[in-house]
Amino acid sequence: MHTLTNSRPGHPVLIVGAGPVGLTLASLLHDQGVPTRIVERLPAASPESKALLVWPRTLQVLRQLGGADAITRHGLPVESFRYYSSARQVAELPFDDRLQPVILPQPDVEKLLSDALSARGGSVERGVELLSLRQDADVVHARLQSGETVTEETFSYVVGCDGAGSTVRELLGVSFDGDTYPTNFWLVDTKVTGSVSTSSVHYFCSPQGVLVLIGLPGGRFRVFTSAPVGAGAEEPTLDAMQALVDERGPGGLTLEDPDWISSFAVHARLADRYRVGRVFLAGNAAHVHSPAGGQGLCTGVTDAHNLAWKIGLAWRGQAGEALLATYEPERSEIARTVIKRADIQTKAWVVRRPAAIAVRDQALRLASATRLLDIEFIPWLSGFRARYSWGALIPDGRKPLRRAARRQFVPGALLPQIPVDVELADGQRSLLPDVVEDSVLHTLLVVTRRGRQGHVNMPEGVSQALSDGLVRVWNLETSGRVTAVSPAAGDSRVKASSTFVLVRPDGHIAAVTEATAPAAISSYLQRFLVPTAEARVLVP
């Protein structure tokens, strides 16, 4: 991973909100060499464990920021999801090592990310509240209050990472349309005595409502359940939670010594815009949904991962409006899918009619027996199936790709999880994204296989992008069952049988072409990475 130095003066980027999304964005912007301020109105981080489940793609991002040791120390791997109907198990969805999520409570994620930011020389300014925003053509003016002191300061960009009640979103006048589920939900983090595995997430569905048991690191449990009919906004007690566990669970479980108990409503809402001029929205400021599937924290962190390198390039004058304009369509597309799928899961939890229950249970049995969900749904949950379909990704239709390249490298999708011949410290072989991905630079993979030995030049624009420090070149050689990856030696010519794969800093594939027809690579570089008059206008 590269870190760029700040080689030119300019106004900083303001990040409002110091949860996982804001902290991720701040660290990634530091790596871009962009001066950054992150402010948070709360005086201290909340100790309450809101989000719990972290899926593999988000774990990759956290590891890139230096969080590998913290994930190992504090995370609890999930072996499977188990589904029950009226306390009888009807399905189990096991996870292999590649797709396995980890229970990593939000306070631990925030600590990991705070440490990453500190290691980069950054810190959170707490007790600071945003009062107003005013934009000119090339800067944003923000009024900030800290204690009794109010100041107006100037920033290149502002990013609202300040949650579902976002002040930034309200100041922009962006609507946040959607629905609120009619049933409130209750949760408690507590000790549970009785026979229940901590290595699986347990979904107990019944006509009375849903009960979810999630093992926490340290042996305690998150107990999450729909409130009883007629409870309204009533706050739960431990006795009330125990009654629901007895009614909906497997029996023989006792709740003791709770850490905290809460009641909350579940919403499904999407901002109608993710950006107004130089101000952006990310995470729950842009989208909220049911906790079904555990996608909330993960979607927000990958929002930040998508946005950071784009702002970095624009701030340095190496990109312009065309690149910044890709953020909203790419991330809103992902959020719409998350909201839709979380809604389907939530409604399946709480069906009451016997016919609907029978259909749900039979579908779960079939999916469990055939491993049908392994094909698409579980990889999607893991985050590895995220794919952008917006027109920023330029296909080259003049010459078809070879079948092997077409199968492995898909424009808009993430770089595939191909094992490569690089040994890690623990003796395990690594995966291609772990070796190649760089949160700052684009990577041009030159994929070589057996074929004719003629040579062709690198795509137009690659040499300039290399000298500008925007792109690096790696070789990926496939021979039999061994795949080796290594930095290129800087040759300007490659085998004519090669395939070019241009990978963005967020790991998504920008373009794939054969070496003999590289127009898509050149088009992408020209459209997004070549400094233009338009780009220079956007830089302070």
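To be clear, the structure that these remarks concern was listed above.
Residues numbered from 1 in each chain as written. Predicted model: local features only at pLDDT ≥ 70, side-chain atom pairs only at ≥ 80, totals over all residues. Heavy atoms only, no water.

Q: When you look at the overall build of the protein chain in this model, what are you seeing that I'm missing?
A: Along its length, the protein chain carries 16 helices and 31 strands. Accessible surface for the protein chain amounts to roughly 22500 Å². Of this, 51% is attributable to carbon and sulfur atoms. (Helix = DSSP H or I, 4+ residues; strand = E, 2+ residues; numbered from the N terminus. Areas by Shrake-Rupley, 256 points an atom, 1.4 Å probe, with all protein chains shown as cover.)

Q: Where do I start with the packing of aromatic side chains in this structure?
A: Aromatic ring pairs are defined here through the distance separating the ring centres and the angle between the ring planes. Throughout the structure, instances matching the rule amount to 16 aromatic pairs. Residues phenylalanine 224 and phenylalanine 264 carry aromatic rings whose centres are separated by 5.9 Å and whose planes lie at 25 degrees to one another, so their mutual orientation is stacked. Linking phenylalanine 224 in strand 17 (residues 221–226) with phenylalanine 264 in strand 18 (residues 254–264), this pair joins segments that are 40 residues apart in sequence. The class of phenylalanine 264 is partly exposed, set by a relative accessible area of 25%. (Phe/Tyr/Trp six-rings, centres within 6.5 Å; stacked < 30°, edge-to-face > 60°. Buried < 20%, exposed > 50% of the residue type's maximum accessible area, 1.4 Å probe, protein only.)

Q: Mind showing me how you'd approach the sheet that holds strand 12 (residues 157–160) here?
A: Pairing between sheet strands relies on hydrogen bonds along the backbone, with the strands arranged either parallel or antiparallel. Ordered by their spatial adjacency, six strands build an open sheet running 8-2-1-12-21-20, and the pairing between neighbours is mixed. Edge positions in the open sheet fall to strand 8 (124–126) and strand 20 (275–276), since each of these has one partner strand only. Sheet topology note: the strand 1 (residues 13–16)/strand 2 (residues 36–40) ladder contains four bridges and is parallel. Bridge pairing links isoleucine 15 to isoleucine 38 in strand 2. Lying over the sheet, helix 7 (residues 296–315) contacts strand 1, strand 12 and strand 21 (279–281), oriented at roughly 170 degrees with respect to strand 12. (Pairing = 2+ DSSP bridges. Contact = heavy atoms within 4.5 Å. Axes fitted to C-alpha atoms, helices over the stretch in contact; angles between N-to-C directions.)

Q: Help me out: how do you make sense of helix 2 (residues 56–64) in this one?
A: Because each turn of an α-helix spans 3.6 residues, side chains separated by three or four positions in sequence point in the same direction. With seven of nine residues buried, helix 2 lies mostly within the body of the structure. Those residues of helix 2 lying buried are Pro56, Arg57, Thr58, Leu59, Gln60, Val61 and Leu62. A positive phi of about 100 degrees marks glycine 66, the residue just after helix 2.

Q: Please explain the packing of helix 1 (residues 20–31) against helix 4 (residues 106–119) as it appears in this structure.
A: The relative placement of two packed helices is expressed as an angle between their axes plus a distance between the axes. One way to put it is that helix 1 packs onto helix 4 with a least axis distance of 9 Å and a crossing angle of 20 degrees. As judged from the angle between their axes, helix 1 and helix 4 are roughly parallel. For the element pair helix 1 and helix 4, the recorded crossing hand is left-handed. Each of Pro20, Leu23, Thr24, Ala26, Ser27 and His30 in helix 1 lies in contact with helix 4, whose residues at this interface are Gln106, Val109, Glu110, Leu113, Ser114, Ala116 and Leu117. Residue composition of the contact of helix 1 with helix 4, by class: seven nonpolar, five polar and one charged. (Parallel < 35°, antiparallel > 145°, perpendicular 65-115°, else oblique. Left-handed = near helix turned anticlockwise from the far one by under 90°. Nonpolar A, V, L, I, M, F, W, Y, C, P; charged D, E, K, R; others polar.)

Q: So what exactly am I meant to see when it comes to the sheet that holds strand 16 (residues 209–215) here?
A: Ordered in space as 6-5-15-16-17-14-18, the seven strands form an open sheet in which the pairing is mixed. Edge strands, defined here as strands with exactly one partner in the open sheet, are strand 6 (88–94) and strand 18. Each neighbouring strand pair of the sheet contributes to a mean axis angle of 20 degrees, computed without reference to strand direction. As judged from the six bridges shared by strand 14 (residues 185–193) and strand 17, these two strands associate in the antiparallel manner. Within strand 17, the residue paired with valine 188 across the bridge is valine 223. Contacts between helix 10 (residues 354–370) and the sheet are confined to strand 5 (80–85), strand 6 and strand 15 (200–206), with strand 6 contributing the most and set at about 40 degrees to the helix.

Q: Whenever I open this one, the packing of helix 2 against helix 7 confuses me. Can you help?
A: The contact between helix 2 and helix 7 brings their axes to 9 Å, and the two run at 50 degrees. As judged from the angle between their axes, helix 2 and helix 7 are oblique. Between helix 2 and helix 7 lies a crossing of left-handed hand. Mapping the contact onto sequence places Arg57, Thr58, Val61 and Gln64 in helix 2 and Leu297, Cys298, Val301, Thr302 and His305 in helix 7.

Q: For this particular structure, what's the right way to read the pairing of strand 11 (residues 149–155)?
A: On any regular strand, side chains alternate: one points to one face of the sheet, the next to the other face. Note: strand 10 (residues 140–146) against strand 11, seven bridges, orientation antiparallel. Opposite leucine 144, over in strand 11, you have threonine 151 as the bridge partner. In sequence, strand 10 turns back onto strand 11 through a hairpin of two residues, with glycine 147 there showing a positive phi of about 65 degrees.

Q: Explain the side chain of arginine 316 to me, please; I cannot follow it from the model alone.
A: One can find arginine 316 in the loop between helix 7 and helix 8 (321–324). Among buried charged residues, arginine 316 stands out as having no salt bridge; its nearest opposite-charge side chain is aspartate 438, 9.2 Å away. Here glutamine 318 takes part through its side chain, which lies 2.8 Å from a polar atom of the side chain of arginine 316. (Lys, Arg positive; Asp, Glu negative; His and termini not counted. Salt bridge = Lys/Arg side-chain N within 4 Å of Asp/Glu carboxyl O. Polar contact = N/O pair within 3.5 Å; in protein donor to acceptor, adjacent residues only side chain to side chain.)

Q: Before we go on, may I ask you to explain the nonpolar core in this structure?
A: Nonpolar side chains tend to gather and get buried jointly when the protein is soluble and globular. Judged by nonpolar contacts, the single largest core of 106 residues is most densely connected at Phe81, Val159 and Ile311. Looking at this core element by element, the count peaks at nine residues for helix 7. Every residue in contact with phenylalanine 81, bar those within four places of it in the chain, is listed here: Leu53, Trp55, Ala91, Glu92, Leu93, Phe95, Val201, Tyr203 and Leu381. Formed by 26 residues, the second largest nonpolar core is a distinct cluster that contains Trp309, Val471, Phe500 and Ala510. (Core = buried A, V, L, I, M, F, W, Y, C linked by side-chain atoms within 4.5 Å.)

Q: When you look at the pattern of salt bridges in this model, what are you seeing that I'm missing?
A: Pairing is possible between side chains that carry opposite charge, provided their charged atoms lie close to one another. Taken as a whole and judged by the stated rule, the model has 22 salt bridges. The salt bridge involving aspartate 343 is made with lysine 347; its shortest N-O contact spans 3.1 Å. Here aspartate 343 pairs with lysine 347, and both are found in helix 9 (residues 327–349), just four residues apart, close to one helical turn. When salt bridges with common partners are traced through the structure, they connect Lys310, Glu330, Arg504 and Asp506 into a single cluster.

Q: I'm lost on unusual backbone geometry in this one. Help?
A: Both trends apply: most residues other than glycine have a negative phi, and most peptide bonds are in trans. Positive phi, normally seen in glycine, also occurs at serine 86, with a value near 50 degrees. With respect to the helices, strands and loops of the structure, serine 86 is situated in the loop between strand 5 and strand 6. The partly exposed category is assigned to serine 86, whose relative accessible area is 37%. Although it is not a glycine, aspartate 257 sits at a positive phi angle of roughly 55 degrees. Summarising the element assignment, aspartate 257 is placed in strand 18.

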